[in-house]
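# Close look at the chain arrangement
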Amino acid sequence: MKKRILQVVLGILLLVLLAIAGFGVLYAGRLRTVNSMEQLTNYDDYNLYRMDIRYDYSIDDVINYGITDNQSMIDAILKEALPLLPVKMKAPQFGCSAFGTVLDRHIVMGRNYDFKFDTSAMLVHTAPADGYESIGFCALDNLGVVDALQTKSRFACLAAPFACLDGVNEKGVSCAVLTLDSKPTFRITGKPIISTPMAIRLVLDRAATTQQAVDLLLSYDMFATSGRDYHFYITDAQGDGRVIEYDCDSPERMPVVTPTRQVTNFFVMHQDKVASFQKNGAYGHGRERYDAISAVLDGAPSGQDVQVTAWKALRTASQEPSPEDVTSNTQWSIVFDNANLTADVALRRRWADVHHADIHGNMV
């Protein structure tokens, strides 16, 4: 009898040790990721951080989980990023203006991320074994985080690769997601389904040109998260700028690809139905910012430094806080250089405090 009890105890102990060992293997790369986090600014409340993703993730596994609504999307992300841990996350929110242009032989994309609630930001560096190296930016309020260096927050930030709102990869493809005022897209035709943040990760990991990004996104059906609708702006190292939109006038929400130099928060495909300084129903708003960006880019003197022109356009289109407007309050402004593979970023309209990152996530 005693021998039997001893065998049972040893068996349980072995299972516990195997479980601990398995957990250690599973989280070794995640712990290295957690330890890579740094704070880059020292503002009063909301700051800029950086991290290197040093665990193996699979975007395919996230998609194959079966995304049909906000909760299933969150479940899929947490299963991939934080297996076995009880972490909560809310569906990401998005706002913004963006433009892509050739300035003095530089191919750049400028991006304002606008959202009425303040947030810290994370520079996310990834180099997946089956994809392209990239840097992207994540709004940490979407992960329930203010101070990323707190222990619980560090682990929550492991989900950051799947919550990036914009970025650039090693092939010079940059992309951004921007909100619209139409009903959320829920396009189901029998293809695999992706959600809004999955689109950004797919493009950064797997597209070498704008055309490849377009082909990639059109090979999936789309579920728009958080009760809002969105479009996606993509540029590449050749200066090919296009927006992918799911037509609000189409009952099937047919995807439409439109070449454009800039986008804000209205359907570029329906820009003839959009007036400045007003809401335009399902077609969106922000025409005045679109026109302001256009005026800056069109009026740039020949030979003017690319950074001067790009930052002038971002300042012109930036927004102060407005509690009534979800796309107010510019949280960050970025100039992605698609040729030199860099990102220059300023938080909350601090135009004199710009931080410079290369494609490896190094601050230079």
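Rules used in this analysis
Residues numbered from 1 in each chain as written. Predicted model: local features only at pLDDT ≥ 70, side-chain atom pairs only at ≥ 80, totals over all residues. Heavy atoms only, no water. Pairing = 2+ DSSP bridges. Helix = DSSP H or I, 4+ residues; strand = E, 2+ residues; numbered from the N terminus. Contact = heavy atoms within 4.5 Å. Axes fitted to C-alpha atoms, helices over the stretch in contact; angles between N-to-C directions. Buried < 20%, exposed > 50% of the residue type's maximum accessible area, 1.4 Å probe, protein only. pLDDT = per-residue confidence, 0-100.

### Overview of the sheet that holds strand β14 (residues 255-259)
- One open sheet accounts for nine strands, arranged β1-β2-β5-β6-β7-β8-β12-β13-β14; its pairing is mixed. With one partner strand each, in any of the chains shown, β1 (38-39) and β14 form the two edges of the open sheet.
- In the sheet, strand β7 (residues 164-169) pairs with strand β8 (residues 174-180) via three bridges, with the strands oriented antiparallel. From the neighbouring strand, D166 faces β8, where its bridge partner is A176.
- Across the sheet, helix α5 (residues 196-206) touches β5 (121-126), β6 (134-139), β7, β8 and β12 (229-235), and the angle it forms with β7 is around 10°.
- Contacting β12, β13 (242-246) and β14, helix α6 (residues 210-218) runs over the sheet at an angle of about 10° to β13.

### Quick look at the environment of V364
- Locating V364 in the fold gives a position in the segment after β20 (355-358).
- Here V364 falls in the exposed class, since its relative accessible area comes to 63%.
- Residues V364 and D344, 20 residues apart in the sequence, show an inter-C-alpha distance of 9.8 Å.

### A short note on the confidence of the model for the protein chain
- Looking at the protein chain as a whole, its pLDDT mean stands at 90, while 89% of the residues score no less than 70.
- Note that residues 6-23 has pLDDT below 50 and, in this model, two contacts with residues that lie over four places away or in other chains.

### Points about the pairing of β7
- The element β7 is largely enclosed, with a buried count of six among its six residues.
- Inspection of the sheet shows β6 paired to β7 by five bridges, in the antiparallel sense. Residue pairing in the sheet places C138 in a bridge with C164 of β7.
- Counted along the chain from β7 to the antiparallel partner β8, the turn is four residues long, and its residue G172 has a positive phi close to 85°.

### Details of the pairing of β13
- With respect to burial, β13 is a largely interior element, five of its five residues being buried.
- The alternating pattern of β13 places R242, I244 and Y246 on one face and V243 and E245 on the opposite face, and all of these are buried.
- Where β12 meets β13, three bridges bridge the pair, whose relative direction is antiparallel. Bridge assignment links Y233 to a residue of β13, and that residue is V243.
- Two elements, β13 and β14, share five bridges in a ladder whose sense is antiparallel. Bridge pairing in β14 links R242 to P259.

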